[in-house]
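Take a look at the letters that make up each chain.
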Amino acid sequence: MLGAREVVAREGDSADFAALMQLGYLKLTRAAPDGTDMIVRYMGPGEPFAAIAVLPDARFPVTATTVTPVRLLVWPAAAMRALADRVPRLKTNLMSAMSGHLTGALNRMQELTSERVPARVARALVRMARDCGERTPDGWRIVHPITRQELADLTGTSLFTVSRLVSAWESDGLVRTSRGAMTVVDPDGLEETALRAE
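These figures come from a predicted structure and were not determined experimentally. (Residues numbered from 1 in each chain as written. Predicted model: local features only at pLDDT ≥ 70, side-chain atom pairs only at ≥ 80, totals over all residues. Heavy atoms only, no water.)

Trainee: I tried to follow the layout of surface pockets on my own but got confused; where do I start?
Mentor: Rolling a probe over the atoms, with the probe sized like a water molecule, indicates the empty space that remains. Considered as a void within the structure, the largest pocket measures approximately 440 Å³ in volume. As for the largest pocket, its lining consists of 20 residues, of which Leu28, Pro61, Val62, Met98 and His101 are closest to the centre. Of all the secondary structure elements, the ones that give two or more residues to the lining of the largest pocket are β3 (26–31), β4 (37–43), β5 (48–49) and α2 (88–114). The dominant element in the lining of the largest pocket, judged by the number of residues it contributes, is α2, at seven residues. In terms of residue class, the lining of the largest pocket is made up of 16 nonpolar, one polar and three charged. The computed volume of the second largest pocket comes to approximately 340 Å³. Considering the residues around the second largest pocket, the lining is formed by 18 residues, among which Ile39, Ala105, Arg108, Met109 and Leu112 are closest to the centre. Elements that contribute at least two residues to the lining of the second largest pocket include exactly β4, α2, α3 (117–131) and α4 (148–155). If one sorts the elements of the lining of the second largest pocket by residue count, α2 sits on top with seven residues. Grouping the constituent residues of the lining of the second largest pocket by class yields ten nonpolar, two polar and six charged. (1 Å grid on protein atoms, 1.4 Å probe; cavity = no way out; pocket = protein on both sides within 12 Å on 5 of 7 lines; lining within 4 Å. Points joined across faces, edges and corners; volume = space filled by probe spheres on them. Helix = DSSP H or I, 4+ residues; strand = E, 2+ residues; numbered from the N terminus. Nonpolar A, V, L, I, M, F, W, Y, C, P; charged D, E, K, R; others polar.)

Trainee: Help me understand the sheet that holds β3, please; the structure alone is not making it clear to me.
Mentor: By way of backbone hydrogen bonds, the strands of a sheet pair with one another, either parallel or antiparallel. The sheet built from four strands is open, its strands ordered β1-β6-β3-β4 with antiparallel pairing. Both outer strands of the open sheet, β1 (7–9) and β4, are each paired with one neighbouring strand and no more. Averaged over all adjacent pairs, the angle separating strand axes in this sheet is 30 degrees, with direction ignored. With six bridges connecting them, β3 and β4 associate as antiparallel partners. Each residue of the ladder has a partner; that of Leu26, found in β4, is Met43. Packed on one face of the sheet, α4 meets β3 and β4 and runs near 100 degrees to β4. (Pairing = 2+ DSSP bridges. Axes fitted to C-alpha atoms, helices over the stretch in contact; angles between N-to-C directions. Contact = heavy atoms within 4.5 Å.)

Trainee: Please explain the environment of Leu73 as it appears in this structure.
Mentor: Within the secondary structure layout, Leu73 lies in strand β7 (residues 71–76). Among the residues examined, Leu73 registers a relative accessible area of 34% and is labelled partly exposed. Discounting chain neighbours no more than four positions away, the residues touching Leu73 are Ala18, Ala19, Leu20 and Gln22. (Buried < 20%, exposed > 50% of the residue type's maximum accessible area, 1.4 Å probe, protein only.)

Trainee: Just checking my understanding: could you explain the nonpolar core for this structure?
Mentor: Most often, soluble globular proteins keep nonpolar side chains buried together rather than apart. Core analysis: the largest hydrophobic core is formed by 27 residues, its most contacted members being Tyr42, Val121, Leu125, Met128, Leu151, Trp169 and Leu190. Mapped onto this core, the elements with two or more residues apiece are β4, α3, α4, α5 (159–171), β11 (181–184) and α6 (187–196). Looking at this core element by element, the count peaks at seven residues for α3. Apart from the residues lying within four places of it in its own chain, the contact partners of Trp169 are Pro118, Val121, Ala122, Leu125, Leu174, Val175, Leu190, Thr193 and Ala194. Counting 25 residues, the second-largest nonpolar core is a separate cluster that includes Phe17, Val54, Phe60 and Leu72. (Core = buried A, V, L, I, M, F, W, Y, C linked by side-chain atoms within 4.5 Å.)

Here it is in structure tokens:
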């Protein structure tokens, strides 16, 4: 079991293991040319991490840091490659997972270049609520901590803009916030409101 804020893998290091998330959440980041970290996405229970290790001489494309306590099932890369050779379906499933992550990254890149900020922030909140959320009587609570700065980093905007948007949406009853936590009360209404703001 790893505690919060521990680095699991570093971008550029040899992908010497593959893992399956059992418990908790990871934040995946990539170094920007100016040295800052760009948030790629969050991942949680049931998702494979470092599937790229099935490829020879692979390197981690991101840095993975625990956001909450995390439990991973870990296999050395050589063992994962041998298993994938014996069980072709495993390799197919891992490649499918990598393809899904790439498609998601391309979709987010398209959002960054073609959508206005309110829509990007709303989509990010709705995506996290649906992918990493739990249904509560108040809506979809994002179960891992996320700050407004992290939301700004994830959507390519400023802390000021995210704070303004989230405060307005909170006043409209679309989201609820508390220290380090966010709940999307009305996902459809949030996206509609964000699109009307454009």
